[in-house]
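Descriptive structure summary
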Amino acid sequence: MKVGIIGAGTMGSGIAQTFAQCDAVETVYLCDIKQEFADGGKAKIQKGLDKRVAKGKMDQAAADKLIGKIQTGLNGICTDADLIVEAALEVMDIKKACFKDLQDNIVKNPDCIFASNTSSLSITEIGAGLAKPIIGMHFFNPAPVMKLVEVIAGINTPAETVEKVKDIAVQLGKTPVQVNEAAGFVVNRILVPMINEGIFVYSEGIADIEGIDTAMKLGCNHPMGPLELGDYIGLDIVLAIMDVLYKETGDSKYRACPLLRKMVRGKKLGCKTGIGFYDYSNGGKVPVDKK
Ligand code: 3HC
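Here the structure is a predicted model, which is why all the values come from computation and not from measurement.

What the protein chain contains, in helices and strands, is 11 helices and 10 strands. Expected size for 291 residues packed as a compact globule is a radius of gyration near 19 Å; at 19 Å, the protein chain falls within 12% of this value. The dimensions of the protein chain, computed from C-alpha atoms along their principal axes, are 55 × 50 × 30 Å. Relative to its full complement of 291 residues, the protein chain shows a buried share of 46%. Taking all contacts inside the protein chain whose residues are at least 6 apart in sequence as the whole, residues at least 24 apart take part in 64%. Carbon and sulfur atoms form 55% of the exposed surface of the protein chain, whose accessible area is close to 13900 Å². Computed over 34 positive and 35 negative side-chain charges, the inter-centroid distance for the protein chain is 3 Å.

Following this line, the structure appears as structure tokens:
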């Protein structure tokens, strides 16, 4: 199987690694709008593999085989892909334009499956106006580690495509869960309002940052507290999902916390900008209310 990944950011590169470590996959095309962005995604994967080799968790030959499957470039290299997984920006018009270009100008294989890793946008709307149906194939960060893939059918997605994508997820060593199209699907519908609530709890002065995260880690056995998880996902992504939930449902229970919006406007997005609820400068992790 040959797989094209559109977008070489955190999710795109993690998804590319996930496919490259699967025996059934011979080539992964890791694509972005600039060659340097695609190369950056591959370099990130290489760095992670080097660490695993250094720790003795992977042998060099396996790491070389995995990285050797990944070719980088612009979307145009995906001509013979059997599956495309789009992990571009969470902007409807960008996703629609990207699939239209793939369909009209790039992909020559008529059986190629078009999938989107969107975290909350409508699969039906992404596919509107295309001859080819779209399916949701939603991975979780870090994609090589997290076991779940949500498989989402839009109104025009054939049942056969759903079954094929579920099979592919199993081949990747993941557990697929089929989800009906709805804003946020299952995980983000539950998880992101929880993170948003954590931000309200902080902004109301109920506990400090570390206190909130420690409470949820020790009180609920969550691997990360809501504020550190928000930083890890990216506070811009958290806000975008809250806004989709609110817009799609009109329900005020999904209103984004004003502090979240303010932090995003101030580019305090979490790990990716080096500061969010924690300050990650110099490789550290210090709660910003303790600085
Ligand atoms: N890429 C590849 N492997 C990674 C990785 C990455 N980015 N990050 C961690 N790993 C691997 C490590 O190499 C390690 O593997 P090993 O056991 O074979 O050595 C293993 O994961 C555990 O990592 P660590 O020992 O470094 O750290 P932790 O035990 O603290 O686990 C964690 C890190 C897996 C990130 C854990 O903290 C966790 O599960 N956090 C919650 C993550 C979560 O909730 N993700 C979902 C976010 S929502 C989402 O993605 C949806 C989107 O639409 C918003």
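Turning our attention to the domain arrangement of the protein chain. Each domain of the protein chain was delimited in the assignment, giving domain 1 (2-180) and domain 2 (188-283). If you average the C-alpha positions of domain 1 and of domain 2, the two centres end up 26 Å apart. On the side of domain 2, 5 residues touch domain 1, which itself brings 6 residues to the contact. The junction of domain 1 with domain 2 conceals about 560 Å² of combined surface from both sides, 54% of it contributed by carbon and sulfur atoms.

Once that is clear, we can look at the site of the ligand. In the vicinity of the ligand, 17 residues are found, and the nearest of them are Arg 52, Lys 57, His 138, Asn 141 and Asn 188. At 3.0 Å from an oxygen atom of the ligand is found a side-chain nitrogen or oxygen belonging to Arg 52. At 2.7 Å from an oxygen atom of the ligand is found a side-chain nitrogen or oxygen belonging to His 138. Computed on the free molecule, the ligand has an accessible area of 1000 Å², of which 62% lies beneath the protein chains in the complex. Within the residue set of the shell around the ligand, elements represented by two or more residues are α7 (187-203) and α9 (226-233). Split by residue class, the shell around the ligand holds 11 nonpolar, 4 polar and 2 charged. Mapped onto the domain boundaries, the shell around the ligand takes at least three residues apiece from domain 1 (2-180) and domain 2 (188-283).

Summed over the entire model, instances satisfying the criterion amount to 0 disulfides. Cys 78 takes part in no disulfide bond, and the closest cysteine sulfur to it belongs to Cys 31, at a distance of 3.5 Å. Looking at Cys 112, it has no disulfide partner, and the nearest cysteine sulfur is the one in Cys 78, 8.1 Å off. When its relative accessible area of 2% is taken as the criterion, Cys 112 is described as buried.

This paragraph deals with a negative patch on the surface. On the surface, a cluster of negative charge is made up of Asp 93, Glu 125, Glu 181 and Glu 248. Secondary-structure assignment places Asp 93 in helix α4 (residues 92-106).

What follows deals with the sheet that holds strand β6 (residues 134-138). Across the sheet, 8 strands lie side by side as β3-β2-β1-β4-β5-β6-β7-β8; this open sheet has mixed pairing. Edge positions in the sheet fall to β3 (70-73) and β8 (175-180), since each has one partner strand and no second. Neighbour-to-neighbour, the strand axes of the sheet open up by a mean angle of 25 degrees, direction not taken into account. Here α4 sits on the sheet in contact with β1 (2-6), β4 (83-86), β5 (113-116) and β6, set at roughly 165 degrees to β5.

What follows concerns the packing of aromatic side chains. Enumeration over the complete set of coordinates arrives at 4 aromatic pairs. Measuring from centroid to centroid gives 6.0 Å for Tyr 202 and Phe 277, while their planes differ by 90 degrees, and the two rings are edge-to-face. Of the two residues, Tyr 202 sits in helix α7 while Phe 277 sits in the loop between α11 (258-265) and β9 (278-279), which places them 75 residues apart along the sequence. Looking at Tyr 202, the relative accessible area reads 22%, which means it is partly exposed. Directly above the ring of Phe 114 sits Lys 132, whose terminal nitrogen or CZ lies 5.3 Å from the centroid.

Turning our attention to the packing of α7 against helix α8 (residues 209-220). Relative to each other, α7 and α8 sit at 140 degrees, their axes nearing to 10 Å. One element, α7, and the other, α8, form an angle in the oblique class. Helix-helix and strand crossings are classified by hand; for α7 and α8 the assignment is right-handed. Packed against α7, whose contacting residues are Met 194, Gly 198, Val 201 and Tyr 202, the element α8 presents Ile 209, Ile 212 and Met 216 at the interface.

Each value, and the rule that gives it
- Residues numbered from 1 in each chain as written.
- Predicted model: local features only at pLDDT ≥ 70, side-chain atom pairs only at ≥ 80, totals over all residues.
- Heavy atoms only, no water.
- Helix = DSSP H or I, 4+ residues; strand = E, 2+ residues; numbered from the N terminus.
- Rg over C-alpha atoms; globule rule 2.2 N^0.38 Å.
- Buried < 20%, exposed > 50% of the residue type's maximum accessible area, 1.4 Å probe, protein only.
- Contact = heavy atoms within 4.5 Å.
- Areas by Shrake-Rupley, 256 points an atom, 1.4 Å probe, with all protein chains shown as cover.
- Lys, Arg positive; Asp, Glu negative; His and termini not counted.
- Charge placed at Lys NZ, Arg CZ, Asp CG, Glu CD.
- Domains from an automatic or database assignment.
- Buried area = accessible area lost by both parts, 1.4 Å probe.
- Near = heavy atom within 4 Å.
- Polar contact = N/O pair within 3.5 Å; in protein donor to acceptor, adjacent residues only side chain to side chain.
- Nonpolar A, V, L, I, M, F, W, Y, C, P; charged D, E, K, R; others polar.
- Disulfide = S-S within 2.5 Å.
- Patch = residues over 30% accessible without salt bridge, like charges linked within 9 Å, V, L, I, M, F, W, Y side chains within 5 Å.
- Salt bridge = Lys/Arg side-chain N within 4 Å of Asp/Glu carboxyl O.
- Pairing = 2+ DSSP bridges.
- Axes fitted to C-alpha atoms, helices over the stretch in contact; angles between N-to-C directions.
- Phe/Tyr/Trp six-rings, centres within 6.5 Å; stacked < 30°, edge-to-face > 60°.
- Lys NZ or Arg CZ within 6 Å of the ring centre and 35° of its normal.
- Parallel < 35°, antiparallel > 145°, perpendicular 65-115°, else oblique.
- Left-handed = near helix turned anticlockwise from the far one by under 90°.

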